[in-house]
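# A closer look at the structure
For reference, the chains in residue letters:
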Amino acid sequence: LMAKEYFKKAYIYTKTNPQKIFVLFQLARLYALLDNQQKSQDKINGILAIDPGCTEATYQDIIMKLRQIKEKIAIQHLVNLVRENRDYYITALIDPEMQPYHAVVLPQLQTMLNKAKTLAESRLEEAHAILKSSKELLGKEKLAEIGPLFVKVEELMKTDSYFGYLDAFRYSDLIITTCENTVK
């Protein structure tokens, strides 16, 4: 309880937004430990009012929404967060606070993995097609540049991972752009 009072006093003396956010995070965690979910939510909302792009506050808000059984909105926010910062895909998989909600979260993460795989496969097919149609125009230098990219994409596709598929898509896109720019 003393820590709560000290952080409340500290908040009065904050001058910058990062200081305010830090103190609000500490208060949110303290209130969560004291099982006062409403006050904890208020502090997270305070952080999001200061910085709507604060990904850690967004993630904490998602967990709170799951606790409140607001699953639909929580899942939508999680999808948006993962699109914005792919590191939260792994966080959602391994975070102990997310564990009780895996029945709801894991199917959505699997859907995202499947979609990333489909997009990566499609983009790789496009890369092969454009290379085939423009191979004669590219020259040895560009072909030597593109060859290792295809190898990298094939390796990434074998990982069967969300990050691997996202990176495979990006490298395939780079191959396509290189071919198109060279042809132009």
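A short tour of the structure in this document, coming up. (Residues numbered from 1 in each chain as written. Predicted model: local features only at pLDDT ≥ 70, side-chain atom pairs only at ≥ 80, totals over all residues. Heavy atoms only, no water.)

### Some remarks on the packing of aromatic side chains
Going through the model one piece at a time under the given rule, you end up with three aromatic pairs. Each ring, one from Tyr59 and one from Tyr88, has its centre 5.4 Å from the other, and the planes form 35 degrees; the classification is tilted. Of the two residues, Tyr59 sits in helix α4 (residues 55-67) while Tyr88 sits in helix α6 (residues 87-94), which places them 29 residues apart along the sequence. Summarising the burial analysis for this pair, Tyr59 and Tyr88 share the class buried. (Phe/Tyr/Trp six-rings, centres within 6.5 Å; stacked < 30°, edge-to-face > 60°. Helix = DSSP H or I, 4+ residues; strand = E, 2+ residues; numbered from the N terminus. Buried < 20%, exposed > 50% of the residue type's maximum accessible area, 1.4 Å probe, protein only.)

### Brief notes about the pattern of salt bridges
Under the defined criterion, the tally for this structure stands at seven salt bridges. Arg86 is the partner of Asp167 in a salt bridge, and the nearest nitrogen-oxygen pair spans 2.9 Å. Linking Asp167 in helix α8 (residues 162-183) with Arg86 in the loop between α5 (71-84) and α6, this pair joins segments that are 81 residues apart in sequence. (Salt bridge = Lys/Arg side-chain N within 4 Å of Asp/Glu carboxyl O.)

### Quick word on α4
In this model α4 runs 18 Å from its N-terminal to its C-terminal C-alpha over 13 residues, within 8% of the 18 Å that 1.5 Å per residue would give. Across the 13 residues that make up α4, a large majority, 11, are buried. Among all positions in α4, only Thr55, Ala57, Thr58, Tyr59, Gln60, Asp61, Ile62, Ile63, Met64, Lys65 and Leu66 are buried. Looking at the buried positions of α4, the neighbouring elements they touch are α2 (17-33), α3 (37-50), α5, α6 and α7 (102-158). Immediately beyond the C-terminal end of α4, within one or two residues, lies Ile69, with a positive phi of roughly 60 degrees. (Expected span 1.5 Å × (residues − 1). Contact = heavy atoms within 4.5 Å.)

### As for the packing of helix α1 (residues 2-12) against α2
Helix packing for two helices is described by the angle between their axes and how far apart those axes are. Between α1 and α2, whose axes approach to 10 Å, the crossing angle comes to 160 degrees. On the basis of their axis angle, the class for α1 and α2 is roughly antiparallel. Relative to α2, the crossing made by α1 is left-handed. In this structure, α1 contributes Ala3, Lys4, Phe7, Lys8, Ala10 and Tyr11 to the contact, and α2 contributes Lys20, Val23, Leu24, Gln26, Leu27, Leu30 and Tyr31. Taken together, the residues of the contact of α1 with α2 sort by class into nine nonpolar, one polar and three charged. (Axes fitted to C-alpha atoms, helices over the stretch in contact; angles between N-to-C directions. Parallel < 35°, antiparallel > 145°, perpendicular 65-115°, else oblique. Left-handed = near helix turned anticlockwise from the far one by under 90°. Nonpolar A, V, L, I, M, F, W, Y, C, P; charged D, E, K, R; others polar.)

### Considerations on the nonpolar core
If you look at the biggest cluster of nonpolar residues, it comprises 38 residues, and the most contacted ones within it are Met98, Val105 and Ile175. When residues of this core are traced back to their parent elements, those giving at least two are α4, α5, α6, α7 and α8. Looking at which element gives the most residues to this core, the answer is α7, with 17 residues. When residues no more than four places from it in sequence are discounted, the contact partners of Met98 are Tyr59, Ile62, Ile63, Leu66, Ala92 and Val105. Among the nonpolar cores identified, the runner-up in size contains 10 residues, and Leu24, Ile44, Ile47 and Leu48 belong to it. (Core = buried A, V, L, I, M, F, W, Y, C linked by side-chain atoms within 4.5 Å.)

### Side note on a nonpolar patch on the surface
On the surface, Ile90, Leu93, Ile94 and Leu106 cluster together into a nonpolar patch covering about 330 Å² of accessible area. Residue contributions to the nonpolar patch peak at three residues, all from α6. Along the chain, Leu106 falls in helix α7. Judged by relative accessible area, which is 33%, Leu106 ranks as partly exposed. (Patch = residues over 30% accessible without salt bridge, like charges linked within 9 Å, V, L, I, M, F, W, Y side chains within 5 Å. Areas by Shrake-Rupley, 256 points an atom, 1.4 Å probe, with all protein chains shown as cover.)

The quantities given are spatial measurements derived from coordinates; they are silent on function.
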